[in-house]
Amino acid sequence: MKELKILVSFCFTLLFISCDEDQKQAAAMVNGVSQDKRLSNVRMINLIGNPILAEKKTYFADMDENGAFTFDFSVDTLTTGALIHGDFFHYICLLPDDQLQITLDKDSISFSGEGAENNRYLYDLELKGLWNEGFVARSKRDRPSLQEFIEGLEVTLNERKRMRTQYRLSKEFKRYITVDDAVFYDTSLRDYATLLARGNQDSLLQTALPSKVKDAFDPKKFMSDEKLPSHRYLQDVIGYVRGRLASKDTVQGFDLEEEMWRFTRDSLSGDTRDHVLAKFLANQLRFSKKYDEEKHKTFRDVVASSSAKRSVEKAINAYNEQKETLFQVSGSTFAGLQLETPEAQTLSFNEMLDTYKGEVVYLEVWLVDWYPDYPYRPKFSVKKLKRRFEKEPVKVVQVALTDKTDGLWDQIRGLSEMKEDHYYIKNPEKASFLNFYKINTYPAYFIFDKQGALRAYRAPAPPTSHFDMKLSDLESVLLELSKA
């Protein structure tokens, strides 16, 4: 489907049917061929490990001279995601042991082999405008009344239910779709009613609402452990908790995240509570890079779910592995990456860092889908940061994850107005650092010291406002490292 620039934020609903990690891992083989020879690779984006960790992984597959490509990675449960090909994306479903064959054209996709029928269903949802994000986008655009929204939502979901009888869907996939549709129904009612109330859930709940909408706000009605297979469900519960407490966020001393933790611990129950608490801890380790001993002790004391416990253990292991790379020269994390300069010179990632020995490197990694925003986001511009440190031993360096053959690399360099210190990753299929550091939003930032050792991953973006006399935390870190 076209208009990737508009819909890219919606295409990342990549869900797993279970958190059970005791299942045997298997390789889901995906072979394909592209008829569009202008491009050099195909991507799968934001694949999630399980609903608690929500690891949004990215995989690249290089295309040979005939347009053939291969993805080969392990999955232990039903996995849905998006396949990116130029300006188009398509939903995709993988099950363990799938042997899927894909044929891509500029604006279409076809499937054969084991797993093909599940994917034909997803593609037909796109073509008929029955996919979730298409319905949400139309509703935000047209702003129907609440009753009209309910009727439209039910028509959409009933049509999807009817369509499922026309496909030979796998038992696992059919179960997932049924559960996820139920979650989407409740989430959509609650979100749209809140939108019409301009975000004020407290005042909304004081008004006369249709019974179906009231049920969507009643945790006794919409919360159920049976819905845990859907990744959307945990996000739905967290959204509900946040909405219930958000109105108090203006009170002095009120810590929204802390109150959300307490509310979940004290007010929810069953595996739903356990999984949401696990997700809070996993997100804290991932985004805040913080291990809260008190919360982890509480989690160990009150949580019964084995899958929730295993997920937190996995998040802790990833957190520790990431920390171990700090103060180390890039090493295996970036091993195998081949870069190209605007002058067509090829060098390894470590060789690139060697050219900046004696200087601090603030590295910005761009992905093609986000480049059109560049001229409209001057507040994030690394160009200004580069100007700030032009008299200091600090280098602002950009690396592009894009398909050079379609000319986007040249456009990115032109828009950024950085004619030097700009590189292109020639072999993105080797970009394992993206999944290791859980990178799924771009630009992503890293800091290396004068010796080429990593000092920060998922580093802060440049300041969000104009530069004033006070240094931002990022600038203070760069300045301190430049003086060392």
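Residues numbered from 1 in each chain as written. Predicted model: local features only at pLDDT ≥ 70, side-chain atom pairs only at ≥ 80, totals over all residues. Heavy atoms only, no water.

J.: When you look at the pattern of salt bridges in this model, what are you seeing that I'm missing?
T.: Charged atoms that come close allow side chains of opposite charge to pair. Under the defined criterion, the tally for this structure stands at 28 salt bridges. Between Asp-181 and Arg-164 there is a salt bridge, and its shortest N-O distance comes to 3.0 Å. Of this pair, Asp-181 sits in helix α5 (residues 171-196) while Arg-164 sits in helix α4 (residues 146-164), and the two are 17 residues apart along the sequence. Like Arg-164, Asp-181 is buried. Here Lys-395 ties to Asp-421 by a salt bridge, and the two come within 4.0 Å at their closest N and O atoms. Pair noted here: Lys-395 is in strand β12 (residues 394-401) and Asp-421 is in the loop between α16 (408-416) and β13 (422-425), with a separation of 26 residues, a long-range link. When its relative accessible area of 23% is taken as the criterion, Lys-395 is described as partly exposed. Three or more residues joined by partner-sharing salt bridges are found here, namely Glu-258, Glu-259, Arg-262, Asp-292 and Lys-295. (Salt bridge = Lys/Arg side-chain N within 4 Å of Asp/Glu carboxyl O. Helix = DSSP H or I, 4+ residues; strand = E, 2+ residues; numbered from the N terminus. Buried < 20%, exposed > 50% of the residue type's maximum accessible area, 1.4 Å probe, protein only.)

J.: I would appreciate a short explanation of the packing of aromatic side chains in the present structure.
T.: This structure, assessed with the given rule, holds 22 aromatic pairs. Taking the centre distance of 5.8 Å and the plane angle of 70° together, the rings of Phe-433 and Phe-446 count as edge-to-face. Placement of Phe-433 in helix α17 (residues 433-436) and of Phe-446 in strand β14 (residues 444-448) is noted, with a sequence separation of 13 residues between them. Both residues of the pair, Phe-433 and Phe-446, count as buried. The interplanar angle of 70° and the centroid separation of 5.6 Å between the aromatic rings of Tyr-437 and Phe-446 together place this pair among those described as edge-to-face. Per residue, the accessibility class of Tyr-437 equals that of Phe-446, and both read buried. A network of ring pairs unites the aromatic residues Phe-334, Phe-349, Phe-433, Phe-436, Tyr-437, Phe-446, Phe-448 and Tyr-457 as a single cluster. Geometry around Phe-222 places Arg-190 over its ring, the cationic atom sitting 4.3 Å from the centre. (Phe/Tyr/Trp six-rings, centres within 6.5 Å; stacked < 30°, edge-to-face > 60°. Lys NZ or Arg CZ within 6 Å of the ring centre and 35° of its normal.)

J.: Can you help me understand the side chain of Asn-435 in this one?
T.: With respect to the secondary-structure elements, Asn-435 resides in helix α17. Within the local environment of Asn-435, its side chain forms a polar contact with the backbone nitrogen of Thr-58, the two atoms lying 2.8 Å apart. Those residues within four positions of Asn-435 in sequence are excluded, and the remaining contacts are Lys-56, Lys-57, Thr-58 and Tyr-59. (Polar contact = N/O pair within 3.5 Å; in protein donor to acceptor, adjacent residues only side chain to side chain. Contact = heavy atoms within 4.5 Å.)

J.: Sorry if this is basic, but what is going on with the nonpolar core here?
T.: In summary, soluble globular proteins display a tendency toward joint burial of nonpolar side chains. If you look at the biggest cluster of nonpolar residues, it comprises 30 residues, and the most contacted ones within it are Phe-349, Met-352, Leu-363, Leu-401, Phe-433, Phe-446 and Phe-448. Looking at this core, the elements with two or more residues in it are α14 (349-354), β11 (360-367), β12, β13, α17, β14 and β15 (454-457). It is β11 that provides the largest number of residues to this core, a total of 4 residues. For Leu-363, the contacting residues outside a window of four places in its chain are Phe-349, Met-352, Val-397, Val-399, Ala-444, Tyr-445, Phe-446 and Phe-448. Phe-222, Trp-261, Ala-278 and Val-303 belong to the second-largest nonpolar core, a separate cluster that totals 26 residues. (Core = buried A, V, L, I, M, F, W, Y, C linked by side-chain atoms within 4.5 Å.)

J.: Any chance you could explain the packing of α5 against helix α9 (residues 231-246) here in plain terms?
T.: Each pair of packed helices can be summarised by the angle the axes make with each other and by the distance between the axes. Their axes nearest at 9 Å, the elements α5 and α9 cross at an angle of 25°. Accordingly, the angle class assigned to the pair α5 and α9 is roughly parallel. For the pair α5 and α9, the sense of crossing is left-handed. Taking contact as the criterion, the partners of Asp-180, Val-183, Phe-184, Thr-187 and Arg-190 in α5 are, on α9, Arg-232, Tyr-233, Asp-236 and Tyr-240. Residue composition of the contact of α5 with α9, by class: 4 nonpolar, 1 polar and 4 charged. (Axes fitted to C-alpha atoms, helices over the stretch in contact; angles between N-to-C directions. Parallel < 35°, antiparallel > 145°, perpendicular 65-115°, else oblique. Left-handed = near helix turned anticlockwise from the far one by under 90°. Nonpolar A, V, L, I, M, F, W, Y, C, P; charged D, E, K, R; others polar.)

J.: What should I look at first to understand the sheet that holds strand β5 (residues 79-85) in this one?
T.: In a beta sheet, neighbouring strands pair by backbone hydrogen bonds and run either parallel or antiparallel. One open sheet holds the 4 strands; their spatial order is β3-β2-β5-β6, and the pairing between them is antiparallel. Each having just a single partner strand, β3 (57-62) and β6 (88-94) make up the two edges of the open sheet. Pairwise comparison of adjacent strand axes, ignoring direction, gives a mean angle of 25° for this sheet. Across 5 bridges, the pairing between strand β2 (residues 41-47) and β3 is antiparallel. The residue of β3 that forms the bridge with Arg-43 is Phe-60. (Pairing = 2+ DSSP bridges.)

J.: How should the confidence of the model for the protein be read in this particular structure?
T.: If pLDDT is low for a region, its predicted coordinates should not be looked at in detail. Across the protein, pLDDT averages 84, with 83% of residues at or above 70. Of the regions scoring below 50 in pLDDT, residues 1-24 engages in 83 contacts with residues more than four places distant in sequence or in other chains. The low-confidence segment residues 370-380 (pLDDT under 50) makes 27 contacts with residues lying over four places distant or belonging to another chain. (pLDDT = per-residue confidence, 0-100.)

J.: Explain the environment of Thr-298 to me, please; I cannot follow it from the model alone.
T.: Structurally, the position occupied by Thr-298 is in helix α12 (residues 293-302). When the C-alpha positions of Thr-298 and Leu-277 are compared, they lie 9.8 Å apart, and in sequence the two are 21 residues distant. If near-sequence neighbours (up to four positions away) are discounted, Thr-298 is found in contact with Trp-261 and Arg-265.

J.: Looking at this model, I keep getting lost on the pairing of β2. Mind explaining?
T.: Within a regular beta strand, the side chains point alternately toward one face of the sheet and then the other, so they alternate between its two faces. In terms of burial, β2 is largely enclosed, as 7 of its 7 residues are buried. Bridge count between β2 and β5: 3 bridges; the pairing is antiparallel. Directly across from Arg-43, in β5, lies its bridge partner Ile-84.

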